Amino acid sequence: MFLLHIFTILATLLGCSFGLSEIIVNAKPLDHCTRALSDAQTIANRLQSHYFNATSGQFNDGELWTDANTLEDLHNLMLATENNLFGTVADNSYLGKAALNSSTDWSSFIDGSYDDAQWCILALWKIADYKAARGQDNTPYMVSVCICGGGVWWSSAKSYKNAITNELFLLTSASGYLRTRDQNYLDNANKEWAWLINSGMRNSDGLYNDGLNSTDPAACTNNGQTTWTYNQGVVASGLAALSAANGDTSLLDQAEITLDATISRLTVNSILKESCDNVNAATCDHDQQIFKGIWTKHLQYYLDNANDVKITAKYSSFLGSQHSAVINNAKNSNNDISFLPTPDYKGSVWYAPSARGSIWSPESSASGLAACIADAKYGQC
Ligand SMILES: *[C@@H]1O[C@H](CO)[C@@H](O)[C@H](O)[C@H]1NC(C)=O
Ligand SMILES: *[C@@H]1O[C@H](CO)[C@@H](O)[C@H](O)[C@H]1NC(C)=O
Ligand SMILES: *[C@@H]1O[C@H](CO)[C@@H](O)[C@H](O)[C@H]1NC(C)=O
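These numbers were taken from a predicted model, which means no experiment stands behind them.

Q: Outline the overall build of the protein, listing residues and values.
A: When helices and strands are counted, the protein shows 15 helices and four strands. Residues classed as buried in the protein amount to 56% of the 381 residues present. For the protein, the proportion of contacts with a sequence separation of at least 24, taken over those separated by at least 6, is 66%. Surface summary for the protein: the accessible area is close to 14800 Å², and the carbon and sulfur share equals 49%.

Q: Residue-level account of the site of ligand 1, with values.
A: As a matter of local geometry, ligand 1 sits amid Asn53, Thr55, Ser56 and Asn60. A distance of 2.3 Å is found between an oxygen atom of ligand 1 and a side-chain nitrogen or oxygen belonging to asparagine 53. Between ligand 1 and the protein, one listed contact pairs an oxygen atom with a side-chain N or O atom of asparagine 60 at 3.2 Å. Starting from 360 Å² of accessible surface for ligand 1 in isolation, the protein chains cover 32%.

Q: I'd like to hear about the packing of helix 3 (residues 32–51) against helix 4 (residues 64–81), residue by residue, with values.
A: The N-to-C vectors of helix 3 and helix 4 enclose an angle of 140 degrees; their axes lie 11 Å apart at closest approach. Between helix 3 and helix 4, the interaxial angle falls into the category oblique. Note on packing geometry: the crossing formed by helix 3 with helix 4 is left-handed. Here Leu37, Ala40, Gln41, Ala44, Leu47 and Gln48 of helix 3 come into contact with helix 4, specifically with Thr70, Leu74, Leu77, Ala80 and Thr81.

Q: An account of helix 3 is needed here, citing residue identities and associated values.
A: Given a rise of 1.5 Å per residue, 20 residues ought to cover 28 Å, and the 28 Å separating the end C-alpha atoms of helix 3 matches this to within 8%. The N-cap residue of helix 3 is aspartate 31: its side-chain oxygen and the backbone nitrogen of cysteine 33 are 2.9 Å apart.

Q: Can you explain the state of the cysteines? Please cite residues and give values.
A: Applying the stated criterion across every chain, the model contains two disulfides. Sulfur-sulfur distance for the disulfide between cysteine 33 and cysteine 381 comes to 1.7 Å. Where cysteine 33 bonds to cysteine 381 through sulfur, the torsion about that S-S bond is close to -70 degrees, and the disulfide is left-handed. Residue cysteine 33 is found in helix 3, and its partner cysteine 381 is found in the segment after helix 15 (362–378); the two are separated by 348 residues along the sequence. Among the residues examined, cysteine 381 registers a relative accessible area of 54% and is labelled exposed. At a sulfur-sulfur separation of 2.0 Å, the disulfide partner of cysteine 276 is cysteine 284. With the S-S dihedral at roughly 100 degrees, the linkage between cysteine 276 and cysteine 284 falls on the right-handed side. For cysteine 276, a relative accessible area of 12% translates into the label buried. What links to what in the protein: the bonded cysteines, counted in sequence order, pair as 1-4, 2-3.

Q: So what's going on with the packing of aromatic side chains? Which residues, and what values?
A: Evaluated as defined, the whole model comprises 11 aromatic pairs. Ring geometry for tryptophan 65 and tyrosine 230: centres 6.1 Å apart, planes at 45 degrees, overall tilted. Taken together, the positions of tryptophan 65 in helix 4 and tyrosine 230 in helix 11 (residues 229–246) put the pair 165 residues apart, joining distant regions of the chain. Accessibility classification places tryptophan 65 together with tyrosine 230 in one group, the buried group.

Q: Which residues make up the pattern of salt bridges, and what are the values?
A: If you walk through the whole model with that rule in mind, you get 10 salt bridges. When the shortest N-O distance is used, the salt bridge between arginine 265 and aspartate 205 registers 3.6 Å. Linking arginine 265 in helix 12 (residues 250–265) with aspartate 205 in the loop between helix 10 (183–197) and helix 11, this pair joins segments that are 60 residues apart in sequence. Note that aspartate 277 and lysine 292 form a salt bridge whose closest N and O atoms lie 3.0 Å from each other. Separated by 15 residues along the polypeptide, aspartate 277 in the loop between strand 4 (271–272) and helix 13 (291–306) and lysine 292 in helix 13 bring together distant segments of the chain. Each member of the pair, aspartate 277 together with lysine 292, is buried. One network of salt bridges, with partners in common, ties together Glu72, Asp73 and Lys297.

Definitions and cut-offs
- Residues numbered from 1 in each chain as written.
- Chains lettered and ligands numbered in written order.
- Predicted model: local features only at pLDDT ≥ 70, side-chain atom pairs only at ≥ 80, totals over all residues.
- Heavy atoms only, no water.
- Helix = DSSP H or I, 4+ residues; strand = E, 2+ residues; numbered from the N terminus.
- Buried < 20%, exposed > 50% of the residue type's maximum accessible area, 1.4 Å probe, protein only.
- Contact = heavy atoms within 4.5 Å.
- Areas by Shrake-Rupley, 256 points an atom, 1.4 Å probe, with all protein chains shown as cover.
- Near = heavy atom within 4 Å.
- Polar contact = N/O pair within 3.5 Å; in protein donor to acceptor, adjacent residues only side chain to side chain.
- Axes fitted to C-alpha atoms, helices over the stretch in contact; angles between N-to-C directions.
- Parallel < 35°, antiparallel > 145°, perpendicular 65-115°, else oblique.
- Left-handed = near helix turned anticlockwise from the far one by under 90°.
- Expected span 1.5 Å × (residues − 1).
- Disulfide = S-S within 2.5 Å.
- Phe/Tyr/Trp six-rings, centres within 6.5 Å; stacked < 30°, edge-to-face > 60°.
- Salt bridge = Lys/Arg side-chain N within 4 Å of Asp/Glu carboxyl O.

So, in structure tokens, the structure goes:
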């Protein structure tokens, strides 16, 4: 019954010509995007029933920032399905309880991690979107960002300037402006991009390395460290948000330099491959297990703000391939992109069938979930 409910909604959303009765009578095969949304729901149900700890409000085996991404994914999913299956999760989560508590000391909550702070903001704002869409009060979730101007430090230790923290600051500033029209946000977004594009963190391939040489941060030299997939997605969603804010579409060209470099350089057979992904040896850590899904989620957000059918068409089939790879190579028979013991040894690796090199965790499930949601929204339907 639930699946039929999704079909009806999607038929409406996608402008498909068939109605509920036709589905029942003709048993038409699922169209691509309906299948993607149904796969996303299946994975999310299992992720939630298996990993969410109602006592702690956290995901067992998760971390603050990956939990924030997972909460964001669940709300992104409910906004797509229009159901409320996880409607009480936010208020009962560790992050949501902090947002609802006016005495929360956010600086001790984030413990000096400026990247984690912004992942939390993105989750809180997505929850706020969901609550607004359901006519609920979302004010406790509209927490504002307060870090500083361009060239943000990774942490309060002020020893490293890295790509992800600055890309997130671009995104939260530009997106903060789109939400509030507060000029301070837009000023910060413009300053951040002016700094980032001149920082040397984007290499000659068009990919962002991890950060700047920390021996002499003022010198702005690329440290040549790993080009993680998520770095290549978050910068694009930040640029599209800034483009939507200031009307400068050349920012989209900048974003696509990096998106296209991801597709050409960080894939095997057109499927994202984290540098640590290995079908034979489990070497990605918990952080790294969620990166590919973050890339797909931020491509979704990029397409939201680029708002251009030609650009969407350019990336649709790639999103479809990631969804298929997640289902074929990563999701196991328990619907986890995770979970041990399993007879089929699947998990975090998408690019090829695993030979026990995949890793099972709430992070790898959230990662696959995000890929399915992005395909449901922008795949070829
Ligand atoms: C759930 O969280 C509680 C409180 O932090 C903890 O005591 C318990 O061990 C957790 N459950 C699992 C299965 O880890
Ligand atoms: C709210 O936060 C304060 C400060 O951290 C804490 O002492 C208090 O227990 C929290 N209240 C609830 C209901 O969690
Ligand atoms: C970082 O900067 C120091 C000091 O300028 C230099 O000796 C070192 O080679 C640089 N490292 C990299 C990876 O560029």
